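Descriptive analysis of the structure
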Amino acid sequence: MFGWWDCCASCCDGVYEEILEEPNTFSLPSPLPQWPKGKDFATGKICLGEIEVVKITTFDKIWSCSPSRGKAKGVTFYKPVDIPDGYFSLGHYCQPSDKQLRGYVLVAKSVATDTSHIQDSKSDSPPLEMPLNYSLVWSQNSNRTGFGYIWLPNPPIGYKPMGFVVTTKPGEPDLDEIRCVRADLTESCEVNDVVFDINSLSLRDQFYVWNTRPCKRGMLCKGVPVGTFFCSQDKISENDELSIACLKNLDSSLNAMPNLEQIHALIKHYGPTLYFHPDESYLPSSVSWFFKNGALLYKLGRDKGLAIDSKGSILPGGGTNDGEFWLDLPDDVDDKDYVSKGQHVGDWEHFTLRLSNFNGELWSVYFSEHSGGEWLDASELEFIEGNKAIVYASKNGHASFPHEGCYLQGSSKLGFGARNDCAKSKYFVDSSVRYRIVAAEYLGDEFVTEPHWLQYMREWGPTVVYDSKSELEKILKHLPFFVRFSVENLIELFPTELYGEEGPTGPKEKDNWLGDERC
């Protein structure tokens with residue numbers, strides 16, 4: 001995968017050009033408040049067991065390049081600076097050259113700590129060690145400032161590198177430049193988004209850069225992303241084993257998580273405003289409103305449904321969605337129309353905020369869009385007041401998006417797809433005020449008692465079948481044959497909800513309750 005590759009300047013002239021403009025550093029619209037007192041949340045450092053880490057967001061530029069031909073965008077490589085005494089770099093950072101500077105890397109130091117909180121630690125070797133030497137992974141000439149070199153640290157036996165080192169000179173970097181981490185304190189990582197790529201017909205000219213994330217992600221997982229990048233001359237998939245790793249949190253105390261008072265403060269500071277379209281027909285309701293207005297609990301083999309009190313006390317708790325129980329609309333026609341309003345009965349829509357445990361800063365927001373969604377960095381958000389972002393719910397479909405406009409799920413190039421219209425209106429929910437904390441497992445029941453309805457794992461609404469598929473098939477019959485095949489492929493990209501859906505399940509049945517969001 002790795003090799004010594006050094007192009008002469010003559011074969012690179014005109015292919016790469018230096019990006020001279022320094023990017024602006026992104027900051028949230030308002031300063032962070034003083035969060036309520038707690039344990040280690042928002043203290044600037046986090047203990048992971050035998051090592052302690054600090055998040056660095058200040059950098060010195062090392063080198064950047066960009067293809068002068070093709071559509072690939074440039075990339076800039078940075079070195080973390082202002083590292084506190086006693087801490088060591090684990091690797092360098094990079095990002096697209098046309099973006100506001102917005103990133104981080106973790107730096108680490110060994111710590112003596114209470115071993116009662118440390119899980120799976122069985123080694124007497126030091127947690128951090130210098131690399132033995134470096135291997136040159138890639139080098140390239142930039143017309144205006146010369147060569148850039150990317151190096152992979154070669155760790156001692158029993159250790160793993162966390163990232164790469166970038167230089168502008170051909171000699172190996174200093175061994176003291178970074179530290180490798182003992183293997184049992186690491187987790188495997190995978191490539192995520194492509195940061196930079198040169199996809200040439202010549203294998204010699206191909207090069208790819210990705211950011212990384214832990215392979216296992218979720219509430220019960222221990223992987224901690226370092227913020228470094230991975231690069232290779234070969235294409236890499238999510239299933240390929242990488243030569244670098246991420247960190248592992250072995251401190252079971254979870255002291256870096258916010259306490260209940262801090263959670264309330266975070267919600268009040270960051271809670272987005274959710275806007276519905278001016279022509280929205282299907283507005284949201286609370287769970288208690290849904291129950292009080294006639295939702296019924298049905299059981300397999302029983303003809304009549306049972307009325308549900310506002311707390312959902314009669315709902316069966318636990319288990320899985322086995323088809324034994326389901327919720328449906330009231331029997332009375334008028335009540336049924338009043339509760340249903342036509343679409344997405346009992347459906348759960350959501351957006352997710354990702355905050356930094358180091359200082360409580362909003363880092364990104366996940367927008368749920370039908371059967372998938374996307375994470376957007378805070379620099380790409382629209383803010384309504386202070387650091388409160390705006391989320392737009394699409395007309396009648398309730399997929400969430402970051403800005404007003406029309407979003408097509410299909411082919412935006414051809415203008416063919418499922419349409420999602422988003423706009424501001426008088427219909428909105430300010431989630432910084434209108435909210436309720438229903439679960440915080442790590443705090444325990446003495447702090448947050450989960451409502452009974454949250455344990456209901458079956459379907460929250462009836463099965464719905466739409467006529468969209470038959471209508472699309474009618475359209476296909478009138479298209480030229482040579483166009484029809486492409487359009488049929490596009491239809492496969494449409495959300496499955498367009499054709500119909502089983503009754504939606506509750507929050508704890510969703511993948512993102514314990515795992516990561518779907519992208």
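Only a predicted model underlies this, so the values are computations on that prediction, with no experimental measurement involved. (Residues numbered from 1 in each chain as written. Predicted model: local features only at pLDDT ≥ 70, side-chain atom pairs only at ≥ 80, totals over all residues. Heavy atoms only, no water.)

Across the chain, the average pLDDT comes to 86, with 81% of residues at 70 or higher. Contacts for the low-pLDDT stretch residues 1–20, under 50 throughout, to residues beyond four places or in other chains number 69 contacts. (pLDDT = per-residue confidence, 0-100. Contact = heavy atoms within 4.5 Å.)

For the rest of this paragraph, the subject is unusual backbone geometry. One non-glycine residue, leucine 254, adopts positive backbone phi at about 55°. Relative to the helices and strands, leucine 254 is located in the loop between strand 19 (245–248) and helix 2 (260–270). A relative accessible area of 42% means that leucine 254 is categorised as partly exposed. Of note, histidine 398 is a non-glycine position whose phi angle comes to about 65°, a positive value. (Helix = DSSP H or I, 4+ residues; strand = E, 2+ residues; numbered from the N terminus. Buried < 20%, exposed > 50% of the residue type's maximum accessible area, 1.4 Å probe, protein only.)

Next up on the list: the sheet that holds strand 14 (residues 180–182). A sheet is described by the order of its strands in space; here 3 strands give the open sequence 9-14-12, paired in antiparallel fashion. Edge positions in the open sheet fall to strand 9 (128–129) and strand 12 (159–160), since each of these has one partner strand only. Of the pairings in the sheet, the one linking strand 9 to strand 14 comprises 2 bridges and is antiparallel in character. Directly across from glutamate 129, in strand 14, lies its bridge partner cysteine 180. (Pairing = 2+ DSSP bridges.)

Looking now at a nonpolar patch on the surface. Nonpolar side chains collect at one region of the surface, where Met219, Leu220 and Leu514 lie side by side and expose about 320 Å² of accessible area between them. With respect to the helices and strands, the residue leucine 220 is situated in the loop between strand 16 (207–214) and strand 17 (223–224). For leucine 220, a relative accessible area of 66% translates into the label exposed. (Patch = residues over 30% accessible without salt bridge, like charges linked within 9 Å, V, L, I, M, F, W, Y side chains within 5 Å. Areas by Shrake-Rupley, 256 points an atom, 1.4 Å probe, with all protein chains shown as cover. Salt bridge = Lys/Arg side-chain N within 4 Å of Asp/Glu carboxyl O.)

Here we take up the side chain of glutamate 190. Here glutamate 190 shows up in strand 15 (residues 186–198). With relative accessibility at 7%, the residue glutamate 190 sits in the buried group. Of note is the side chain of glutamate 190, whose polar atom sits 2.9 Å from the side chain of arginine 217. Not counting the four nearest positions on each side in its chain, glutamate 190 is found in contact with Asn211, Thr212, Arg213, Pro214, Cys215, Arg217, Glu238 and Leu242. (Polar contact = N/O pair within 3.5 Å; in protein donor to acceptor, adjacent residues only side chain to side chain.)

Okay, the sheet that holds strand 21 (residues 296–299) next. If you walk across this open sheet you meet the 3 strands as 22-21-23, and the pairing is antiparallel. Because the sheet does not close on itself, it has two edges, and the strands there are strand 22 (306–307) and strand 23 (325–328). As paired strands, strand 21 and strand 22 are joined by 2 bridges and run antiparallel to one another. By the bridge assignment for strand 22, leucine 297 is matched with leucine 306.

Glancing now at the state of the cysteines. Taken as a whole and judged by the stated rule, the model has 0 disulfides. Counting only cysteine sulfurs, cysteine 231 is the nearest neighbor of cysteine 94, a cysteine outside any disulfide, at a range of 8.0 Å. On the basis of relative accessible area, cysteine 94 is assigned to the buried category, the value being 7%. For cysteine 215, which is in no disulfide, the shortest distance to another cysteine sulfur is to cysteine 189 and amounts to 6.3 Å. On the accessibility criterion, cysteine 215 (30% relative accessible area) is partly exposed. (Disulfide = S-S within 2.5 Å.)

Another point: the nonpolar core. Core analysis: the biggest nonpolar cluster contains 28 residues, and Ile150, Phe164 and Phe229 have the highest contact counts within it. Listing elements by their share of this core, those giving two or more residues are strand 4 (59–67), strand 5 (75–80), strand 10 (133–142), strand 11 (146–154), strand 15, strand 16 and strand 18 (229–232). Sorting elements by how many residues they give to this core places strand 15 first, with 5 residues. Phenylalanine 229 has contacts with Phe77, His92, Tyr93, Cys94, Ile150, Phe164, Val166, Val209, Trp210, Thr212 and Ile244, leaving out every residue within four places of it along the chain. In terms of nonpolar packing, the next biggest core, distinct from the first, is built from 20 residues, Ile46, Ile51, Ala108 and Trp363 among them. (Core = buried A, V, L, I, M, F, W, Y, C linked by side-chain atoms within 4.5 Å.)

The pairing of strand 15 with strand 19 spans 3 bridges and is classified as antiparallel. The residue bridging serine 188 from the neighbouring strand is alanine 245, located in strand 19.

All right, on to the packing of aromatic side chains then. All chains considered together, the criterion is met by 26 aromatic pairs. When the centroid spacing of 3.8 Å and the interplanar angle of 5° are considered together, the rings of tryptophan 138 and phenylalanine 207 count as stacked. One end of the pair, tryptophan 138, is in strand 10; the other, phenylalanine 207, is in strand 16, and 69 residues separate them in sequence. Ring pairs connect the aromatic residues Trp63, Phe77, Trp138, Phe164, Phe207, Tyr208, Trp210, Phe229 and Phe230, which therefore count as one cluster. The side chain of lysine 55 reaches across the aromatic face of tryptophan 363, ending 3.7 Å from its centre. Above the ring of tyrosine 275, the side-chain terminus of lysine 424 is found at 5.9 Å from the ring centroid. (Phe/Tyr/Trp six-rings, centres within 6.5 Å; stacked < 30°, edge-to-face > 60°. Lys NZ or Arg CZ within 6 Å of the ring centre and 35° of its normal.)

Tracing the backbone shows phenylalanine 229 in strand 18. Under the relative-accessibility criterion, phenylalanine 229 is labelled buried at 1%. Considered as a pair, phenylalanine 229 and valine 165 are 64 residues apart in the sequence and their alpha carbons are 9.9 Å apart.

Attention shifts here to the side chain of serine 232. For serine 232, the location among the structural elements is in strand 18. Among the polar contacts made by the side chain of serine 232, one reaches the main-chain amide nitrogen of aspartate 234 at a distance of 2.9 Å.

Quick look at the environment of proline 170 now. When you line up the elements, proline 170 lands in the loop between strand 13 (165–167) and strand 14. For the pair formed by proline 170 and isoleucine 150, sequence separation is 20 residues and the distance between their alpha carbons is 9.7 Å. The residues touching proline 170, leaving out its near neighbours within four places in the chain, are Tyr149 and Trp151.

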